[in-house]
Structures are given as structure tokens and as C-alpha cells.
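Structural characterization, general
Okay, here's what each chain looks like letter by letter:
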Amino acid sequence: DGGITQSPKYLFRKEGQNVTLSCEQNLNHDAMYWYRQDPGQGLRLIYYSQIVNDFQKGDIAEGYSVSREKKESFPLTVTSAQKNPTAFYLCASSTGQYTGELFFGEGSRLTVL
Amino acid sequence: SQKIEQNSEALNIQEGKTATLTCNYTNYSPAYLQWYRQDPGRGPVFLLLIRENEKEKRKERLKVTFDTTLKQSLFHITASQPADSATYLCALDKSGGSYIPTFGRGTSLIVHP
């Protein structure tokens, strides 16, 4: 089945530690995205990538880093510089064409202890 | 400032009735608007897209309208069922020509049997 796989689904981290969230897609989509969702908040864009080896900052990129070495993969690292990292993280992909719908993964819930 | 506004209060309706959800926006000139469904702890799922030159779009029990003069989209679910209970998000392109949707906070719909 084609889709997007995020892992882990739940993650606990101590303050000061970096953590990497995995996102893999087999939809052959060019574009991939990372969003953050907090309770009662909309989705906020962290980073996006239109093609391999290229990515752009979204609205809230500070404290996060990404890489896009393969078309299928777009991992997100939450660094210790991120002041408030506890959140629900969503990865998505699309064809990258105008008006293209986003296909989302099931999300990763990060809790900082 | 740019805003996408969806009713933060949950919409409670009786099974069989029509649910109507509202998405208002300010300081955007979107070329399209999308609607997604999100269940608790899951990623959003795309439902419908409507372009700026379209007044109305239908898909099974779903209907979306788009009024660029009022800067508003209405999302209707006819003959609602308890299984329709979820949060519904609207999303639009951040600026004309962008393929990256910007999301509202969503409205929770609860359909009572």
C-alpha cells in the first residue's frame, strides 16, 4: 500500500537532547513537508522540500533541522535549541503541483520530560 | 495580518441533520481552498478542493462553497452520521501561486445518535 510512514509514534526526550523523527513515503511524490500541531492550534509549517537535496524554512523553523538526501525520506531533527518541543508532529507529501492535496502520515507525538 | 478563522467551539448536531462548518479568511487572495478531516491522534485526510473560479463542489454527502467576495468557504455534510464526528480543517494557499497550504485551527463536529 502506498502511503507515508512516520516513526516513532510516541517519543519521550529529556531536555537538552536532540531527537530525530523519521518520515518515509512510497508515493513517488516530489514535495515533502513537516508540520507541528499543538492543542487547539492549526498546523504550522516547519520545513518543506520540493526536490531532493533542497529544502526551505517554513514559519517556525527555529530549533529544527531537516535533510532530503533521498526522494522517499525527509527526517526532522528537533534540537535542544527548540524552546517548546512537546507537540504532535505531522509529515506530509504531495506531487508538488499547484493545488495538490497533501497526504499525511499518522504523526509522531513528542514529549519532553 | 493574515488570518484563517474557523469556529473554535465544537458543533453539536443530531444524526440525519446537515452540518455546516465555516472558514473565513482575511488578507489572503487564495486561488484554492482545501478541506481535510482529522480524527484524534491521526493525520489529516484530504476531502475536497475548490478553486477560486468555482462556486460549489460536491462529493457524495459533502458540499463546499467558496465566496471570494465574502472571503468565506462553507463545508456541508448532509444526512450526518456519528461516524462523521471529527475535526475539520480548512487550508488555503498562502499567496497566489503557492502550492503550500496554510491551515486553520479546525472545528470539531460531534454528531449525536
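Notes on the structure follow. All of these numbers come straight from a predicted model, not from anything done at the bench. (Residues numbered from 1 in each chain as written. Chains lettered and ligands numbered in written order. Predicted model: local features only at pLDDT ≥ 70, side-chain atom pairs only at ≥ 80, totals over all residues. Heavy atoms only, no water.)

So, about the environment of B:Ile77. Residue and element names in this part refer to chain B. Along the polypeptide, isoleucine 77 turns up in strand S8 (residues 72-77). With 36 residues separating them in the primary sequence, isoleucine 77 and proline 113 have C-alpha atoms 15 Å apart. In this view, isoleucine 77 contacts Lys17, Thr18, Ala19, Arg61, Leu62, Asp84, Tyr88 and Leu109; residues no more than four positions away in its chain are not counted. (Helix = DSSP H or I, 4+ residues; strand = E, 2+ residues; numbered from the N terminus. Contact = heavy atoms within 4.5 Å.)

For the rest of this paragraph, the subject is the sheet that holds strand S7 (residues 64-66) of chain A. Neighbouring strands of a sheet are bound in pairs by backbone hydrogen bonds; such pairs are parallel or else antiparallel. Residues and elements named next belong to chain A. If you walk across this open sheet you meet the 4 strands as S1-S3-S8-S7, and the pairing is antiparallel. The open sheet is flanked by strand S1 (4-7) and S7, the only strands paired with a single partner. Each strand axis lies, on average, 20° off the axis of its neighbour in the sheet, ignoring direction. Pairing of S1 with strand S3 (residues 19-25) involves 4 bridges; the strand directions are antiparallel. For threonine 5, the partnering residue across the bridge sits in S3 and is glutamate 24. (Pairing = 2+ DSSP bridges. Axes fitted to C-alpha atoms, helices over the stretch in contact; angles between N-to-C directions.)

A separate point is the interface of chain B and chain A. Of the residues lining the interface, 24 residues belong to chain B; the matching set on chain A comes to 25 residues. In total, about 1900 Å² of surface goes out of reach between chain B and chain A, with carbon and sulfur atoms giving 53% of it. For the chain B face of the interface with chain A, the top three residues by lost area are B:Tyr99, B:Phe103 and B:Arg105, together amounting to 32%. Along the contact surface separating chain B from chain A lie 1 salt bridge. We note a salt bridge from A:Glu106 to B:Arg42, for which the minimum N-O separation is 2.2 Å. Inspection of the region where chain B meets chain A yields 6 residue pairs in polar contact (both at pLDDT 80 or more). Of all the secondary-structure elements, those providing two or more residues to the side of chain B that touches chain A are strand S4 (32-38), strand S5 (45-51), strand S9 (86-93) and strand S10 (101-103) of chain B. Per-element accounting of the side of chain B that touches chain A gives the leading share, 4 residues, to S4(B). (Buried area = accessible area lost by both parts, 1.4 Å probe. Salt bridge = Lys/Arg side-chain N within 4 Å of Asp/Glu carboxyl O. Polar contact = N/O pair within 3.5 Å; in protein donor to acceptor, adjacent residues only side chain to side chain.)

Let us look at the state of the cysteines. Throughout the structure, instances matching the rule amount to 2 disulfides over all chains. For A:Cys23, the disulfide goes to A:Cys91, at an S-S distance of 1.9 Å. Where A:Cys23 bonds to A:Cys91 through sulfur, the torsion about that S-S bond is close to -75°, and the disulfide is left-handed. Within this pair, whereas A:Cys23 is found in strand S3, its partner A:Cys91 is found in strand S9 (residues 87-94), the two being separated by 68 residues in sequence. On the accessibility criterion, A:Cys91 (0% relative accessible area) is buried. There is a disulfide in this structure between B:Cys23 and B:Cys90, and the S-S distance comes to 2.0 Å. A torsion of 60° about the S-S bond marks the disulfide between B:Cys23 and B:Cys90 as right-handed. Taken together, the residues span a long stretch of sequence, with B:Cys23 in strand S3 (residues 19-26) and B:Cys90 in strand S9 at a distance of 67 residues. The same class applies to B:Cys23 as to B:Cys90, namely buried. (Disulfide = S-S within 2.5 Å. Buried < 20%, exposed > 50% of the residue type's maximum accessible area, 1.4 Å probe, protein only.)

To continue, consider the sheet that holds S8(B). Residue and element names in this part refer to chain B. Judged by pairing direction, the sheet is antiparallel, and its 5 strands sit side by side in the order S1-S3-S8-S7-S6 without closing on themselves. What marks the edges here is a single partner per strand, and that holds for strand S1 (3-6) and strand S6 (56-59). The mean angle between the axes of side-by-side strands here comes to 15°, regardless of whether they run parallel or antiparallel. Both strand S7 (residues 62-67) and S8 contribute to a ladder of 6 bridges, which runs antiparallel. Its bridge partner being in S8, phenylalanine 66 is matched across the sheet by serine 73.

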